[in-house]
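Okay, here's what each chain looks like letter by letter:
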Amino acid sequence: MSLSALAVLDGTVLPADEATIGVTDLGLLRGDGVFEVIKIYDGRPFALDDHLRRMATSAKNLRLEIDLNAVRADVDALLTEAGPVSGAVRFLVSRGGRRIGLVEATPAAHPPLALARVEYVPPRILDGVKSLSYAGNMLAQRVAKERGADEALLVTPHGRVLEAPTSSFFVSFDGETLVTPPLSDRVLDSITRRRLLSLLPDAREEVVTADSLGRAREAFLASTTREVQAIARVDDVVLPVAPGPLTEAAARAFSAHVRDEIASA
Ligand SMILES: Cc1ncc(COP(=O)(O)O)c(C=O)c1O
C-alpha cells in the first residue's frame, strides 16, 4: 500500500479510497470541525501530545465534542499498520462526529521560497481554533501562485505581517536575533514556532510590519511539515541570503531537537 493510501475512520484502518463519510456531515458542508497534522519520522510521531492538546483546545473553543483517547488510539492503529514510514498524519474530527486520519507524504526537499504578500484578516471568533475552515488560507496560496510566488505571506490591511497560510514566519533584521509575530496578532499557536522560541535564545515575539521587510537580512517559514524553510524573496524584496546563518542554525537546532525527543520517547 502506498504511503498516501492508508486511512483510519472511527477506529478502522482501511485504504483511503474506501474511507467514506456521509454527505450531510457539517464538517463537509460548513468546514465545521478541527484538525491537526502530525509529522512522522520512521513511523514515530513527533510532538503528538502537543497536537492532541491543541486539538482538545480547538474542539473546546468550537463547542465540538471529541474523544481524545479514541483519537490517540486511531493514530496508534494507523501508524502500526503504516510501519516505519516518514511523512505526516492528517487527523480531523468533524461536526458529524467522524474521526478521520490519513497518512500523507511530505516533501523531501525544502528549497528557499518566493513569497507574495496577501491581505488577510484572521476571523476573531476562531481564535484558538485550528478549524477545518481553511478555504481562505488555500485561496491565499493560490493568489500567491498566480503572482508567480511559491507561497503567501499573510499581512493585515494595517500592514502587520502575520504568518503564511500553513506556517509561522520568522525574520531577522540585525543578523543576530530572530523575531516572529506575537500570538496577540492572532497567528496560530504553532507547535514548531513554540519549540523554536524555546530552543533559540535569540528568538522572540515582536510585531513585524510589512514596511520593515525591506530591511530583512534573512527569514524563514516554520511548520510541522516544513520544519525550517528559508525565504528567498517577498514580492520584489530579495533577501541578502537564503538560507542565512540564523536560518541554518534554527534548522539544525530543530532537527537535533526532533531526533532527541523521538529517541527518548
Ligand atoms: C495558519 C498556520 N500557521 C502556522 C502553522 C504551523 O503550525 P505547526 O508548527 O503546529 O505545524 C500552521 C500549520 O498548519 C497553520 O495552519
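Residues numbered from 1 in each chain as written. Predicted model: local features only at pLDDT ≥ 70, side-chain atom pairs only at ≥ 80, totals over all residues. Heavy atoms only, no water.

K.L.:
I'd like a rundown of the packing of aromatic side chains, residues and numbers included.
P.N.:
This model, assessed by the stated rule, comprises four aromatic pairs. Look at F46 and F254: their rings are 5.8 Å apart centre to centre, the planes differ by 85°, and that puts the pair in the edge-to-face class. Placement of F46 in the loop between β4 (44-45) and α2 (48-61) and of F254 in helix α6 (residues 245-263) is noted, with a sequence separation of 208 residues between them. On the accessibility criterion, F46 (6% relative accessible area) is buried. Through a chain of ring-to-ring contacts, the aromatic side chains of Y41, F46 and F254 assemble into a single cluster. (Phe/Tyr/Trp six-rings, centres within 6.5 Å; stacked < 30°, edge-to-face > 60°. Helix = DSSP H or I, 4+ residues; strand = E, 2+ residues; numbered from the N terminus. Buried < 20%, exposed > 50% of the residue type's maximum accessible area, 1.4 Å probe, protein only.)

K.L.:
Give me the site of the ligand: which residues, what numbers.
P.N.:
Around the ligand, the structure places 15 residues, and the nearest of them are K130, Y134, S190, T192 and T224. Backbone polar atom of I191 to an oxygen atom of the ligand: 2.9 Å apart, as the coordinates give it. (Near = heavy atom within 4 Å. Polar contact = N/O pair within 3.5 Å; in protein donor to acceptor, adjacent residues only side chain to side chain.)

K.L.:
Tell me about the packing of α2 against helix α3 (residues 68-82), residues and numbers included.
P.N.:
Remark: α2 packs on α3, axes separated minimally by 11 Å, with the N-to-C direction vectors making an angle of 140°. By the criterion of interaxial angle, the relationship of α2 to α3 is oblique. Relative to α3, the crossing made by α2 is right-handed. Each of L48, D49, L52, M55 and A56 in α2 lies in contact with α3, whose residues at this interface are L68, V71, R72 and V75. Considering only residue class, the contact of α2 with α3 consists of seven nonpolar, no polar and two charged. (Axes fitted to C-alpha atoms, helices over the stretch in contact; angles between N-to-C directions. Parallel < 35°, antiparallel > 145°, perpendicular 65-115°, else oblique. Left-handed = near helix turned anticlockwise from the far one by under 90°. Contact = heavy atoms within 4.5 Å. Nonpolar A, V, L, I, M, F, W, Y, C, P; charged D, E, K, R; others polar.)

K.L.:
Could you give an account of the nonpolar core, with specific residues and numbers?
P.N.:
Membership of the largest hydrophobic core comes to 21 residues, with the highest contact counts inside it found for V34, F91 and V93. For this core, the secondary structure elements donating two or more residues are β1 (6-9), β3 (33-41), α2, α3 and β5 (87-94). Residues within four places of F91 in sequence aside, it is in contact with V8, V34, F35, E36, M55, V71, D74, V75, R99, I100 and G101. The next biggest cluster of nonpolar side chains, apart from the first, holds 18 residues, and it includes L115, F169, L213 and L221. (Core = buried A, V, L, I, M, F, W, Y, C linked by side-chain atoms within 4.5 Å.)

K.L.:
Any details on unusual backbone geometry? Residues and values, ideally.
P.N.:
In this structure, P243 follows A242 across a cis peptide bond, with omega equal to 0°. Secondary-structure assignment places P243 in the loop between β15 (237-238) and α6. A positive phi angle, near 50°, is found at D42, a position not held by glycine. Secondary-structure assignment places D42 in the loop between β3 and β4. For D42, a relative accessible area of 56% gives the class exposed.

K.L.:
Could you give an account of the pairing of strand β2 (residues 12-15), with specific residues and numbers?
P.N.:
Across four bridges, the pairing between β1 and β2 is antiparallel. Each residue of the ladder has a partner; that of V8, found in β2, is V13. Linking β1 back to β2 in an antiparallel pair, the connection comprises two residues, with D10 at a positive phi of about 50°. (Pairing = 2+ DSSP bridges.)

K.L.:
Give me the lowdown on α2, citing residues and values where you can.
P.N.:
Between its first and last C-alpha atoms α2 spans 20 Å; for 14 residues at 1.5 Å apiece the expected length is 20 Å, and the two agree. Looking at the packing, one finds that the buried side of α2 touches β3, β4, α3, β5 and α5 (191-199). Immediately downstream of α2, the backbone of R63 shows phi near 55°, a positive value. (Expected span 1.5 Å × (residues − 1).)

K.L.:
An account of the sheet that holds β2 is requested, with residue identities and associated values reported.
P.N.:
Sheet architecture is open: six strands sit in the order β2-β1-β6-β5-β3-β4, paired in antiparallel fashion. Each end of this open sheet is capped by a strand with a single partner; those strands are β2 and β4. With two bridges connecting them, β3 and β4 associate as antiparallel partners. Paired with Y41 across the bridge in β4 is R44. Contacts from α3 reach β1, β2, β3, β4, β5 and β6 (99-104) within the one sheet, and its direction differs from that of β6 by about 30°.

K.L.:
Report on the domain arrangement of the protein, specifying residues and quantitative values.
P.N.:
Its domain assignment divides the protein into domain 1 (3-104) and domain 2 (113-261). The centre of domain 1, based on its C-alpha atoms, is set 25 Å off from the matching centre of domain 2. When domain 1 packs against domain 2, close to 1,700 Å² is buried across both sides, 64% of that on carbon and sulfur atoms. Contact with domain 2 buries area across many residues of domain 1, yet F35, F46 and R54 alone supply 38% of it, more than any other trio. Along the contact surface separating domain 1 from domain 2 lie two salt bridges. Notably, a salt bridge pairs E227 with K39, separated by 3.4 Å at the nearest N-O pair. Broken down by secondary-structure element, the contributors of at least two residues to the side of domain 1 that touches domain 2 are α1 (26-30), β3, α2 and β5. The element that contributes the greatest number of residues to the side of domain 1 that touches domain 2 is β3, accounting for eight residues. A breakdown of the residues in the side of domain 1 that touches domain 2 according to their chemical character gives 11 nonpolar, seven polar and six charged. (Domains from an automatic or database assignment. Buried area = accessible area lost by both parts, 1.4 Å probe. Salt bridge = Lys/Arg side-chain N within 4 Å of Asp/Glu carboxyl O.)

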